[in-house]
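Observations on the three-dimensional arrangement
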Protein chains: 2
Amino acid sequence: MELYLIRHGIAQERGLDIKDEQRSLTKEGRQKTEKVAQKIVKLGLQFDLIVTSPLVRARQTAEILIAEKLSSQLEESSHLAPDGNISSWLINWLEPRNYSQNTQLALVGHEPNLSIWAETLLWGTEILSSESRSRELSEVKAGLVLKKAGMIGIKLPEAGSPLGRSQMFWLTPPKYLL
Amino acid sequence: MELYLIRHGIAQERGLDIKDEQRSLTKEGRQKTEKVAQKIVKLGLQFDLIVTSPLVRARQTAEILIAEKLSSQLEESSHLAPDGNISSWLINWLEPRNYSQNTQLALVGHEPNLSIWAETLLWGTEILSSESRSRELSEVKAGLVLKKAGMIGIKLPEAGSPLGRSQMFWLTPPKYLL
């Protein structure tokens, strides 16, 4: 199975007059996301399902992917909200669905969550947590840079837990898809 | 500073009649590498220097990048050969050169070396070695998939050791550059 982790496009700035979950894509964010979606279609990708965080900026990003015909299926999941976590998503969302090996899922969400999900899939939870601790000590940034409207492609293993056993085959900033 | 780790293109199969270090790019390997190089130029990239493994298939890949005008400077380094390692390259090759912050270096080499170099730059040597051990136990594959003629883009920190403190902003298979 392949997972495509997609970060929402450029959104309104945080401010006192708007709730974080209500922030919308800006005009630039909308246009850039459309171009990225068109390029992904051109590369030959199709998703069986797009799952999005319920926050407006993610939902709008996912709707653009649908409008550009990257998938016909859209679903919201609170697991993809900023307070969601990958272990819970794997156990409570992915496992019960029993998808076939060749399923291609796109997840639209937020940072730093998506980078952490990717790192956890690739290197496992224990490695990550010990590394996170040493990172705090040395004030080091995260290892992956996922820009707004950028994406990460990950292949899950055919059997067994994907944690620490998945492989990353793609990480791209939007600028290389415009 | 930005490092671009580029894997050599498709080469002749291993065989009794040819030494590993003498294997050449196939016609397909040559054509695909040319297309990838042309696309990278189109994306606006230029390298201040291309450093290549001395093995024929890597050297030929680097010469294609030069022919497509991705750089005017080519150098061979045994650090990039299959028995090279990143710590030695950092200490004995990179540090003494004292490059400026905005230098863009391309390194042409082999797998699994380049993936290991990337993981070591991102997550550090200790994390990697403990993870390698747990991987051996569970027979898990490497976390990064770097195809022939594919590339990884990494940003080194402005000061201090890059080990465990660098960030990956790009990982692409050649098929998304054709």
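Rules behind the numbers
Residues numbered from 1 in each chain as written. Chains lettered and ligands numbered in written order. Predicted model: local features only at pLDDT ≥ 70, side-chain atom pairs only at ≥ 80, totals over all residues. Heavy atoms only, no water. Core = buried A, V, L, I, M, F, W, Y, C linked by side-chain atoms within 4.5 Å. Buried < 20%, exposed > 50% of the residue type's maximum accessible area, 1.4 Å probe, protein only. Salt bridge = Lys/Arg side-chain N within 4 Å of Asp/Glu carboxyl O. Helix = DSSP H or I, 4+ residues; strand = E, 2+ residues; numbered from the N terminus. Polar contact = N/O pair within 3.5 Å; in protein donor to acceptor, adjacent residues only side chain to side chain. Contact = heavy atoms within 4.5 Å. Phe/Tyr/Trp six-rings, centres within 6.5 Å; stacked < 30°, edge-to-face > 60°. Lys NZ or Arg CZ within 6 Å of the ring centre and 35° of its normal.

An unreviewed UniProt entry lists chain A under the name Phosphohistidine phosphatase SixA, from Komarekiella delphini-convector SJRDD-AB1.

**Things to note about the nonpolar core**
By size, the foremost hydrophobic cluster in this structure holds 52 residues, and its most contacted members are A:Trp89, A:Ile154, A:Met168, B:Trp89, B:Ile154 and B:Met168. The next biggest cluster of nonpolar side chains, apart from the first, holds 22 residues, and it includes A:Leu25, A:Leu45, A:Ala58 and A:Ala62.

**Structural notes on the pattern of salt bridges**
Using the criterion set out here, one finds 12 salt bridges over all chains in the structure. Across the pair B:Arg23 and B:Asp20 runs a salt bridge whose closest N-O atoms are separated by 2.8 Å. Of the residues examined, B:Asp20 reaches a relative accessible area of 23% and is grouped as partly exposed. Here the salt bridges share partners, and the residues they tie into one network are A:Arg14, A:Asp20, A:Arg23 and A:Arg57.

**Remarks on the side chain of A:Arg57**
All names here are of chain A. When you line up the elements, Arg57 lands in helix 2 (residues 56-67). In this structure the side chain of Arg57 is engaged in a polar contact, spanning 3.4 Å, whose partner is the side chain of His8. When residues no more than four places from it in sequence are discounted, the contact partners of Arg57 are His8, Ala11, Arg14, Asp20, Arg23, Leu25 and His110.

**Notes on the environment of A:Ser88**
Residue and element names in this part refer to chain A. Secondary-structure assignment places Ser88 in helix 3 (residues 86-97). The contact partners of Ser88, leaving out residues within four places of it in the chain, are His79 and Trp93. In terms of polar contacts, Ser88 uses its side chain to reach the side chain of His79, at 3.4 Å.

**As for unusual backbone geometry**
The residue after A:Glu111, namely A:Pro112, is reached through a cis peptide bond having omega 5 degrees. Structurally, A:Pro112 can be placed in the loop between strand 4 (104-109) and helix 4 (113-123). Positive phi outside glycine occurs at A:Ala149, with the angle close to 70 degrees. Within the secondary structure, A:Ala149 is located in the loop between helix 5 (125-138) and strand 5 (151-155). A relative accessible area of 5% means that A:Ala149 is categorised as buried. Despite not being glycine, B:Lys69 shows a phi value in the positive range, around 70 degrees. Looking at where B:Lys69 falls in the secondary structure, it is placed in the loop between helix 2 (56-67) and strand 3 (74-76).

**Some details on the packing of aromatic side chains**
Counted by the stated rule, this structure contains 13 aromatic pairs over all chains. Summarising the aromatic geometry, the rings of A:Trp93 and A:Tyr99 are spaced 6.2 Å apart at their centres and angled 40 degrees between planes, so their arrangement reads as tilted. When its relative accessible area of 26% is taken as the criterion, A:Tyr99 is described as partly exposed. For the pair A:Tyr176 and B:Trp170, a centre-to-centre distance of 4.1 Å together with 40 degrees between the ring planes defines the contact as tilted. Of this pair, A:Tyr176 sits in the segment after strand 6 (167-172) while B:Trp170 sits in strand 6 (residues 167-172), placing the two residues on different chains. Site record: aromatic cluster; members linked through ring pairs are A:Trp89, A:Trp93, A:Tyr99 and A:Trp117. In this arrangement the basic side chain of A:Arg97 is found over the ring face of A:Trp93, its NZ or CZ atom lying 3.7 Å from the centre.

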